[in-house]
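# Observations on the three-dimensional arrangement
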Amino acid sequence: MDNKSNGRDRNHYLETRPSRKEKHGRKKTKLRSVLIDVFIRTLLSRLFTEVFNIVSRFVLRIIDMISNLLYQKNKVIFMRIPENHAFYQLKSKKRLAAILGIDSPAFFKHLDLHFTCTEFSLTKNNKTRTLLNPSKPYKRILRKINQLLQEINLPTYLHSGVKQKNALSNACYHNSHSHICTMDIKNFFPSTSEAFVYKFFKDKFKMSEDVAKIMTLLVTYKNENEVARLPQGFPTSSILSYLVYFDFFNGVNALAHSRNMKFSIYVDDLTFSSNRAFTPSFLNRIITIAQQYELTIHPDKTQFYNRHAHKKITGVILKQETVRAPLFIHKQINQHYLDILDCDLLTFSNFIEFKQKVIKTLGQIQYVRSIEGTHKYISIERNLNDFKEHFNVLSVKDKYRIQLKQEYKHFQGMFTHSIIL
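Residues numbered from 1 in each chain as written. Predicted model: local features only at pLDDT ≥ 70, side-chain atom pairs only at ≥ 80, totals over all residues. Heavy atoms only, no water.

### Quick look at the sheet that holds strand 9 (residues 322-324)
The test is simple: Here the rule is simple: two strands pair whenever DSSP picks up at least two bridges between them. Each helix is a run of DSSP H or I of at least 4 residues and each strand a run of E of at least 2, with the numbering of both proceeding from the N terminus. Axes here mean lines fitted to C-alpha atoms, for a helix over just the part in contact, with angles spanning 0 to 180 degrees between N-to-C directions. In this description, contact between two residues means that some pair of their heavy atoms is separated by no more than 4.5 Å.
The strand order 7-8-9 describes an open sheet built from 3 strands, whose pairing is antiparallel. Only two strands of the sheet have a single neighbouring strand rather than two, namely strand 7 (311-313) and strand 9. Between one strand and the next, the sheet's axes are offset by a mean angle of 35°, whatever the strand orientation. Most of the contacts of helix 14 (residues 348-372) go to strand 9, to which it runs at about 175°, and overall it touches strand 8 (316-319) and strand 9.

The following block contains the structure:
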C-alpha cells in the first residue's frame, strides 16, 4: 500500500512539475512584462517632462507679457523739463548763442574750424580707451551745456553725471538688499549716434530742427568716414548718455519697481537689487528691452550675487552692509610704494615712471578713504607727499617737458638711490 502511494505521489509530482520549455516560456513572459513596465515608466516620465517644459514656457511667456504690459503702462514718455528751462522750446540760433556766451550766431556755421579736440588713450583693467580732450573755448561751452542739463529733474536712480553722486553712492544705494544683479551695456558711448542725440533735443526739449542740429554737432564727435557719436571725455557725455536713452532707463526702472526691486544706472553699468533671487526671464526681458533701443547687454559682464557673496558694484565691494574698496586696489598701493622706493633716477624715463606712480598711489589712497572712511596708509601718504612737494606740475604730459626736465635735475641733485631707500 505504501509502495503504491509513493508511486502515485511521484507520478503526481512528475505531472505537476513544469517542463524546461514551460520554464523558459515563463521567464520570457516575466521579462516581457518587466520590459513593458520599464517602457511605460520611461514613456510617462518623458511625457511628464515634455508637458512640464511646455507649461513652463507658457508660464514664462505669460510672465513676459505681463511684464511688457507693466513696462508699457508705467513707462514715463515725457521728461520732466521745467518750462522756464533755457533750452526748452528753443527756436532761435541767436538766443542759443546768447545762452552759450557766443558773440554771434554766425559762429555756428563753421563749428569744426572754431573747435578742436586732442585724442589721448587711457588704459584701465588691461583695456585701452580713446578719449577726447576739447580745447579750452570748446570745453567752456560744453561745461555750460552740462550745467544747464543738470537743471532737469533727474531721478534718484541716476548716479553718473550728477553732482554729489558717484560709484560709491551707486553701490550704497543697494546696501539694504541681499541679492544683486549687475549688467553692462556693450560699447555704450559708440552706440549713441548723432541720430539719437538729435531726436532727444528735438523731441524732449522741443527745439527747432536747426537749433537741435547745432546742439547735436556741439556734443558729438565725428571721426573720418564715421557717424558722429557721443565721445568719451566731453563734459556733456555722461549726463547725455542717460538723457538720450531716458525712455529705456525709466522703463527699466518701472519694470524693476513692479517686481519690488531697486534699480540704478552709473554710465553704462546697470545694477538691480532684490530680496529674492533673480530669474532668467527677468534677464531676458531686460535684454529684449535694450534691443528695442539698439543697445546690447554685454553677455560676459552680467553677474549675480546672493546674500552671502561679496558684491562688486561699480568698483565698490559690499560686504554685510559695509563698503570696501576692491582688494586689488590695496595690493596696488603697497606694490607701487615698494616700486617707488626701489626706483632709480638714472634716466629721464625712470623719473617719469617714478612721478606717475607717486601721483597714482596718492590718488588710490584718497579713493580708498572715500569708500571706507578710514585713515589708512598714513605713513605711506606722508612719504609720498614729501616727494610731491618737489613737483612743479602734477602732470607728465609732453607740453610740460621743460618743467619735467627741471624737476628731473632737481631730484638728481637732492636724492640718490641710497637716500630714497
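Read on for the rest.
### Section: the side chain of Ser264
Heads up, the rule is: Think of a polar contact as two N or O atoms within 3.5 Å of one another; within protein, one of them needs to be a possible hydrogen donor and the other a possible acceptor, and neighboring residues in sequence only count if both atoms come from side chains.
For Ser264, the location among the structural elements is in strand 4 (residues 262-266). Looking at Ser264, its side chain comes within polar contact range of the side chain of Asn170, at 2.6 Å. Among all residues touching Ser264, those that are not within four sequence positions of it are Tyr157, His159, Asn170, Tyr173, His174, Asp269, Leu270 and Thr271.

### Regarding helix 8 (residues 194-204)
Here is the rule we go by: Relative accessibility thresholds used throughout: buried, under 20% of the residue-type maximum; exposed, over 50%; partly exposed, between the two (1.4 Å probe, protein chains only). By arc we mean the arc of the directions from the helix axis to the C-beta atoms, nothing more.
Listed as buried for helix 8 are Phe196, Val197, Phe200, Phe201 and Lys204. Looking down the long axis of helix 8, one finds its buried residues gathered within 130° of arc, a one-sided arrangement. Each element contacted by the buried residues of helix 8 is listed here: helix 7 (188-191), helix 9 (209-219), helix 10 (237-243) and helix 11 (246-258). Lys206 sits one or two positions beyond helix 8 and adopts a positive phi of about 55°.

### Some words on the sheet that holds strand 5 (residues 269-274)
Strand order in the open sheet made by the 4 strands is 4-5-3-6, with antiparallel pairing throughout. Only two strands of the sheet have a single partner each, and these edge strands are strand 4 and strand 6 (303-305). Within this sheet the neighbouring strands show an average axis-to-axis angle of 15°, counted without direction. Where strand 4 lies against strand 5, 5 bridges are found, and the strand directions are antiparallel. Across the sheet, the residue bridging to Ile265 is Leu270, located in strand 5. Packing against the sheet, helix 11 makes contact with strand 4 and strand 5, and its axis sits at approximately 155° to strand 4.

### Structural notes on helix 11
Rules: Expected span, for any helix, means 1.5 Å times one less than how many residues it has.
Along its 13 residues, helix 11 runs 18 Å from first to last C-alpha, staying within 8% of the 18 Å computed at 1.5 Å per residue. With 10 of 13 residues buried, helix 11 lies mostly within the body of the structure. By the burial criterion, the buried members of helix 11 are Phe246, Asp247, Phe248, Phe249, Asn250, Gly251, Val252, Ala254, Leu255 and Ala256. Positive backbone phi, approximately 60°, marks Asn260, located one or two places after helix 11.

### A closer look at the packing of aromatic side chains
Ring pairs (aromatic) are described by centroid distance and by the angle formed between their planes. Defined as follows: Between 30 and 60 degrees the pair is tilted, below 30 it is stacked and above 60 it is edge-to-face, where a pair is any two Phe, Tyr or Trp rings, Trp via its six-membered ring, whose centres lie within 6.5 Å. Comment: the charge-over-ring label is applied if NZ (Lys) or CZ (Arg) is within 6 Å of the ring centre and within 35 degrees of the ring normal.
Under the definition given, this model contains 25 aromatic pairs. Between Phe107 and Phe108 the ring centres are 6.4 Å apart and the planes differ by 80°, which places this aromatic pair in the edge-to-face class. Between the aromatic rings of Phe201 and Phe205, the centroid separation amounts to 6.3 Å while the plane-to-plane angle is 25°, which identifies the pairing as stacked. Of the two residues, Phe201 and Phe205, both sit in the buried class. Here the basic side chain of Lys262 rests over the ring of Tyr173, its NZ or CZ set 4.1 Å away from the ring centre. A cation over an aromatic ring shows up here: Lys405 above the ring of Phe348, its NZ or CZ 4.2 Å from the ring centre.

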